[in-house]
Amino acid sequence: MDILYDALATIFQFYNVVAIIAGISLGIIVGAVPGLGPGMAMAIALPITFYMPPLVSLGFIVGIYKGGMYGGSITAILINVPGTSDAAATMLDGYPLAQKGKAGKALKMAIYASVTADILSDIVLIMVAGWLASYAIKLRSADIAAIMFFSLVIVGSVSGESLPKGLFSCMLGFLVAMVGIDPMMGVRRFTFGVLELDRGIDLIPFMVGIFGITEVLIQVEKKISDLNKEDLFRKSENIEDNRLSFKEYRRALPTIFQGTLIGTFIGALPGIGATTAAFLSYTAAKKFSRHSERFGKGELNGVAAAESGNNATCGATFIPLFTLGVPGSITAAMFMGALIIQGIQPGPFMFQHHATTIYALYVGMMFANVCNLLIGSLGIKIFARIALLPARIIYPIVVALCMAGVFSASGSLFDVGLMYIFGFVGFFMRKFDFPIAPMLISFILEPMFERSFRQALILSFGSYKTFFSEPVSLIFITLTLAIIAFEFVRVKRKGLRHKVVKD
Amino acid sequence: MSCNSSRHFENLEKGEDMKRRLDQHAIILFALIVICFSIGLSGAYAADRQWPSKAVTINAGFGPGGTTDLTNRIVSNILGGQLGVPIINGNVTGGATSVLCSQIATKKPDGYEFGLVAGTALTAMPFMRDLAYNIDSFTYVFMLAPDPLDLVVTDDSPFKTFEDLVSYAKTNPGKVTYSHTGKGLYDHLVVEWIAQKEGIQLTDVPATSGPESMALVIGKHVAFGSGSGSHIPYAKDGKMRVLLEMDGARRWGDKVRNVVDLYGTESPVNTYRVFVGPQGISQDIVDKMKQALLVAVKEEVYIKLCDRFNMSTDYYSENIKELLQKQYNEMGPFLEKIGLGKK
């Protein structure tokens, strides 16, 4: 009890509170701008934290992270361009809702689902971190590869109407991710002698291209005269359309809990990440919903599923870091840097040496969640106005932000060029009804999947038995094969039915 | 009628308003032109003045948030104060800093473009890949000491000493696995150099970062790890045992083996981080940079950084090219022998 009292007294000091609020506000803004993201903002803030006291610094960094996780959903809902890749799943139902004039409702669901999942995930971090982490470290490369294989197939199989198109999209993502120096042997792949391609293709130009530029191209394709005449969205006269009732929130709770569970599990594993968690949660919500046909057309639960899935990784991603000193994601690695800068070595001994600071940080995380809710809710009134702007004003700004974001991330005009190339790729994919989400997921997972797959084979001296010899990998591979078989049968049956109808 | 007249007045007012605004715009425009001119003039003037007369760019070859980037930003902050101009820091990542090296090599040697790159990008990479630069493409300004490098096992590993490990590896060729942070990087090459000296064959498992490599060790997925800094907290807390100091520095006392005692020399592979500019920067500028850097590496905040991240505070301000050249000469044959040369 003493330690809790100490923690409370330590965290609620003027500068700590200001730092958390400033971090959240900054996070929401960088999260919302395509190309900028919380990871980058944390990296830029790191050297500055050298000159700050521990809790001011850590509060600020945690604020950026949590704010950024929510911020990405704002642009996803309003203009169909996710601010960060983590919010890509939020687009699927958020944007259709905004088109129906329900932008306010979607944004509110996003913030409530985010904060609920975040709080629950933080509680898991505080309560059972040690147990989960000791399990996560024992997972072999083969197990991780199997879990990734499972995630890939799930997302590839359900995101679109057609399985072959989904798989094609998945493969394209894989191919793009393989460009550059091969991570295991140091051999060049698909670089065609272009030096800039040696380092591979970054997530930012890829993501901003396939979502941001693609969306702009889709809008440009519509006649300019139409754009001038009408606004992007139907304006809603019904006040209820931009509110979120408690009843609606309560109805979404089971979805949020499910998303939290998935997000926490995925977050605690190294390298899989929030984007995948969001899509898995969305897919699960769609599968288990009584109205799965409504998903993708403006289902409020779809927003709740995606946002709870990605935000639940927030607390969980710190589990391996705090208990073992192993960062499981880029943001966790940034946070590790912030801790080390303050002289706190993350790992099993952190609680012995710095108990008060860590408990104060936990309280600060909870407080940051509340701030996220308040600032996010206040912001919605302003953000929702974006939906009222005519497209001819919004989209030029989007292009400028995309270019600025991509350029600032790497300082390379080459990346800006890549962004446009992917913009056109995404445009044609959407024109021909290829789903884009599987491409994003496979792009994100490829490096980790390839590495764990090849590590597993090195460690087993080339024997594929390693994937079937232990329970975790065996379970996930069996599940994956079952899903493929199930999908195959479903498609076959559908085909038969079509045939019967035709005959 | 009344309605019309009020509109008339409104229009009149609007006209007045427009005029006022135009006046304001003209003033703002004029001010802008004056500012532009003065900037332009000062630029022209600056070119004649002594270096540095404008912002200096120092890019890091690794991504934001890592130790190289942090070092660069913190050192640059002090450097800016010393030189009296702003320092612009960016990141040009890829190819273990060889992408940044290629970029720097093509810049004008006017003293406004520098990079903080890995030593192996200068001494080893040219033998492994076709690159647009070689060791003579740069002006060498300053060099920071290498990261610590130790061979580590978990505290309950059956290998109690380095000799245990070697004798087991001798009878089981290829069966001993170890993790490092990337093919061709320092912590991989040094282990291969040692394996060659001992005549043993090991199986390497590449990870992508220090913490990830150490996670493979703690999770008991590999027999030992090549620890390049991330292992130190574990070693200090007793979770890991150091069997060999692979960089030649002495950190862990007499009980731990040291490569210099074993082989009489350090490995030709290094992990220096080097401040380089394009070839042909005038000695005057290099000296000024050196002076400022010498102040920076003695500042408290830099020493704190090194301490927190287990980096050495040693540095080299003289004979950098000679030191790297010597390693460069040994690297070619060595990489060829372990099969990592250009294919």
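Because the structure is predicted, anything quoted here is derived from the model rather than measured. (Residues numbered from 1 in each chain as written. Chains lettered and ligands numbered in written order. Predicted model: local features only at pLDDT ≥ 70, side-chain atom pairs only at ≥ 80, totals over all residues. Heavy atoms only, no water.)

Caption draft 1: Structural view of helix H19 (residues 413–431) of chain A. All names here are of chain A. The terminal C-alpha atoms of H19 lie 27 Å apart, and with 19 residues this matches the ideal 27 Å at 1.5 Å per residue to within 8%. If you check which residues of H19 are buried, you get Asp415, Val416, Leu418, Met419, Phe422, Gly423, Gly426, Phe427 and Met429. In this structure, the buried residues of H19 make contact with helix H8 (163–178), helix H9 (203–221), helix H18 (391–410) and helix H20 (437–459). Of the residues flanking the end of H19, it is aspartate 433, one or two places downstream, whose phi is positive at about 65°. (Helix = DSSP H or I, 4+ residues; strand = E, 2+ residues; numbered from the N terminus. Expected span 1.5 Å × (residues − 1). Buried < 20%, exposed > 50% of the residue type's maximum accessible area, 1.4 Å probe, protein only. Contact = heavy atoms within 4.5 Å.)

Caption draft 2: Structural context of a nonpolar patch on the surface. A surface patch of nonpolar side chains, amounting to about 400 Å² of accessible area, comprises A:Ile3, A:Leu4, A:Leu8, A:Phe12 and A:Tyr359. The leading source of residues in the nonpolar patch is helix H1 (residues 2–11) of chain A, at three residues. (Patch = residues over 30% accessible without salt bridge, like charges linked within 9 Å, V, L, I, M, F, W, Y side chains within 5 Å. Areas by Shrake-Rupley, 256 points an atom, 1.4 Å probe, with all protein chains shown as cover. Salt bridge = Lys/Arg side-chain N within 4 Å of Asp/Glu carboxyl O.)

Caption draft 3: Geometry of the interface of chain B and chain A. With 38 residues of chain B in contact, the opposing surface of chain A contributes 39 residues. Buried area between chain B and chain A, summed over both chains or domains, comes out near 3400 Å², and the portion from carbon and sulfur atoms is 67%. When the buried surface of chain B facing chain A is broken down by residue, B:Arg129, B:His221 and B:Arg308 rank first, second and third, together holding 16% of it. Connecting chain B to chain A are one salt bridge. Between B:Glu212 and A:Arg451 there is a salt bridge, with the nearest N and O atoms lying 3.1 Å from each other. For the interface between chain B and chain A, the tally reads five residue pairs in polar contact (both at pLDDT 80 or more). Mapped by element, the contributors of at least two residues to the side of chain B that touches chain A are helix H2 (67–83), strand E7 (203–206), helix H8 (210–218), helix H9 (232–236) and helix H12 (300–308) of chain B. (Buried area = accessible area lost by both parts, 1.4 Å probe. Polar contact = N/O pair within 3.5 Å; in protein donor to acceptor, adjacent residues only side chain to side chain.)

Caption draft 4: Spatial organisation of the nonpolar core. In this structure, A:Ile201, A:Phe206, A:Phe322, A:Phe335, B:Phe275 and B:Met289 are the most contacted members of the largest nonpolar core, which totals 181 residues. Examining the composition of this core, we find that 15 residues originate from one element, helix H4 (residues 54–79) of chain A, more than from any other. In terms of nonpolar packing, the next biggest core, distinct from the first, is built from 32 residues, B:Tyr186, B:Val190, B:Ile194 and B:Leu243 among them. (Core = buried A, V, L, I, M, F, W, Y, C linked by side-chain atoms within 4.5 Å.)

Caption draft 5: How the structure looks around the packing of aromatic side chains. What the rule picks out here adds up to 30 aromatic pairs over all chains. Ring centres 5.8 Å apart and planes at 70° place the aromatic pair A:Tyr65 and A:Phe318 in the edge-to-face group. In this pair, A:Tyr65 sits in helix H4 while A:Phe318 sits in the loop between helix H13 (300–316) and helix H14 (319–324), placing the two residues 253 residues apart along the sequence. Accessibility classification places A:Tyr65 together with A:Phe318 in one group, the buried group. Each member of the aromatic cluster is reached from another via a ring pair, and the members are A:Tyr65, A:Phe318, A:Phe322, A:Phe335, A:Tyr359 and A:Tyr362. Over the aromatic face of B:Tyr112 sits the side chain of B:Lys54, whose NZ or CZ is 4.7 Å from the ring centroid. A cation over an aromatic ring shows up here: B:Lys175 above the ring of A:Phe461, its NZ or CZ 4.2 Å from the ring centre. (Phe/Tyr/Trp six-rings, centres within 6.5 Å; stacked < 30°, edge-to-face > 60°. Lys NZ or Arg CZ within 6 Å of the ring centre and 35° of its normal.)

Caption draft 6: Up close: the pattern of salt bridges. All names here are of chain A. On inspection of all chains with the given rule, the structure shows 19 salt bridges over all chains. For the salt bridge of lysine 66 with aspartate 122, the shortest nitrogen-to-oxygen distance reads 2.8 Å. In this pair, lysine 66 is assigned in helix H4 and aspartate 122 in helix H6 (residues 103–138), connecting sequence segments 56 residues apart. Classification of lysine 66 as buried rests on a relative accessible area of 2%. Assessed through its relative accessible area of 1%, aspartate 122 is described here as buried. For lysine 105, the salt bridge is made with glutamate 248, and the minimal N-O distance between the two is 2.6 Å. Separated by 143 residues along the polypeptide, lysine 105 in helix H6 and glutamate 248 in helix H11 (residues 246–268) bring together distant segments of the chain. Residue classification places lysine 105 among the buried residues on the basis of a relative accessible area of 8%. Of the residues examined, glutamate 248 reaches a relative accessible area of 17% and is grouped as buried.

Caption draft 7: Highlighting the side chain of B:Thr203. By secondary structure assignment, the location of B:Thr203 is in strand E7. Looking at B:Thr203, the relative accessible area reads 16%, which means it is buried. Excluding anything up to four places from it in sequence, B:Thr203 contacts A:Ile458, A:Phe461, B:Gly174, B:Val176, B:Thr177 and B:Tyr178.

Caption draft 8: Region of the structure containing helix H3 (residues 38–49) of chain A. Taking 1.5 Å of rise per residue, the 12 residues of H3(A) would be expected to cover 16 Å, and the 15 Å separating its terminal C-alpha atoms lies within 8% of that figure. H3(A) sits mainly inside the fold: nine of its 12 residues count as buried. The inward-facing, buried residues of H3(A) contact helix H2 (14–32), H4, helix H15 (330–341) and H18 of chain A together with H2 of chain B.

Caption draft 9: Quick peek at the confidence of the model for chain A. When pLDDT is averaged along chain A, the result is 85; 93% of the residues meet or exceed 70. Put simply, helix H10 (residues 224–229) of chain A is where chain A has its lowest mean pLDDT, 54, and H13(A) is where it has its highest, 94. (pLDDT = per-residue confidence, 0-100.)

Caption draft 10: Quick look at the packing of H3(A) against H4(A). All names here are of chain A. In contact at an axis separation of 9 Å, H3 and H4 are set at 170° when each is read in the N-to-C sense. One finds that H3 runs roughly antiparallel with respect to H4. Of H4, the residues touching H3 (which contributes Pro38, Ala41, Met42, Ala45, Leu46 and Thr49) are Ser57, Phe60, Ile61, Ile64, Tyr65 and Gly68. Along the lines of polarity and charge, the residues of the contact of H3 with H4 split into nine nonpolar, three polar and no charged. (Axes fitted to C-alpha atoms, helices over the stretch in contact; angles between N-to-C directions. Parallel < 35°, antiparallel > 145°, perpendicular 65-115°, else oblique. Nonpolar A, V, L, I, M, F, W, Y, C, P; charged D, E, K, R; others polar.)

Caption draft 11: Broad picture of the packing of H9(A) against H20(A). Residues and elements named next belong to chain A. The interhelical angle for the contact between H9 and H20, taken along N-to-C directions, is 175°, at an axis separation of 11 Å. By the angle between their axes, H9 is roughly antiparallel relative to H20. Along the contact surface, H9 presents Leu203, Phe206, Met207, Ile210 and Phe211, while H20 presents Met439, Leu440, Phe443 and Ile444. Considered class by class, the residues forming the contact of H9 with H20 number nine nonpolar, no polar and no charged.

Caption draft 12: Fine view of the confidence of the model for chain B. Residue and element names in this part refer to chain B. Across chain B, pLDDT averages 84, with 85% of residues at or above 70. This model gives residues 42–48 a pLDDT under 50, and the stretch forms one contact once residues within four places in sequence are excluded. The complex model carries a pTM of 0.79, and its ipTM stands at 0.78.

Caption draft 13: Inspection of unusual backbone geometry at higher detail. Each neighbour pair has its own omega, and for B:Trp51 with B:Pro52 the value is -5°, a cis peptide bond. With respect to the helices, strands and loops of the structure, B:Pro52 is situated in the loop between helix H1 (2–48) and strand E1 (56–60). Located in the positive-phi region is A:Phe190, a residue other than glycine, with phi close to 50°. With respect to the helices and strands, A:Phe190 occurs in the loop between strand E2 (188–189) and H9. Overall, A:Phe190 belongs to the partly exposed group, its relative accessible area being 38%.

Caption draft 14: Molecular detail of the sheet that holds strand E6 (residues 177–180) of chain B. The strand order across the open sheet built from six strands is E7-E6-E8-E5-E9-E10 (chain B), with neighbouring strands paired in mixed fashion. Taken across any chain shown, the strands that pair with only one partner, and hence form the sheet edges, are E7 and strand E10 (257–258) of chain B. For strand E5 (residues 150–154) of chain B and strand E8 (residues 224–227) of chain B, the ladder comprises three bridges, and the chain directions are antiparallel. Within E8(B), the residue paired with B:Asp150 across the bridge is B:Gly227. Against the sheet, H20(A) contacts E6 and E7 of chain B, and its axis sits at roughly 165° relative to E7(B). Those strands touched by helix H7 (residues 186–198) of chain B are E6, E7, E8 and strand E9 (240–245) of chain B, and its axis lies near 145° from that of E6(B). (Pairing = 2+ DSSP bridges.)

Caption draft 15: Layout of the pairing of strand E3 (residues 113–118) of chain B. All names here are of chain B. The buried count for E3 comes to six of six residues, which makes it a mostly enclosed element. What you see with E3 is no split at all: Glu113, Gly115 and Val117 on one side and Phe114, Leu116 and Ala118 on the other are buried throughout. Inspection of the sheet shows E1 paired to E3 by four bridges, in the parallel sense. The residue of E3 that forms the bridge with threonine 57 is glutamate 113. Where E3 lies against strand E11 (residues 273–278), four bridges are found, and the strand directions are antiparallel. Directly across from glycine 115, in E11, lies its bridge partner valine 276.

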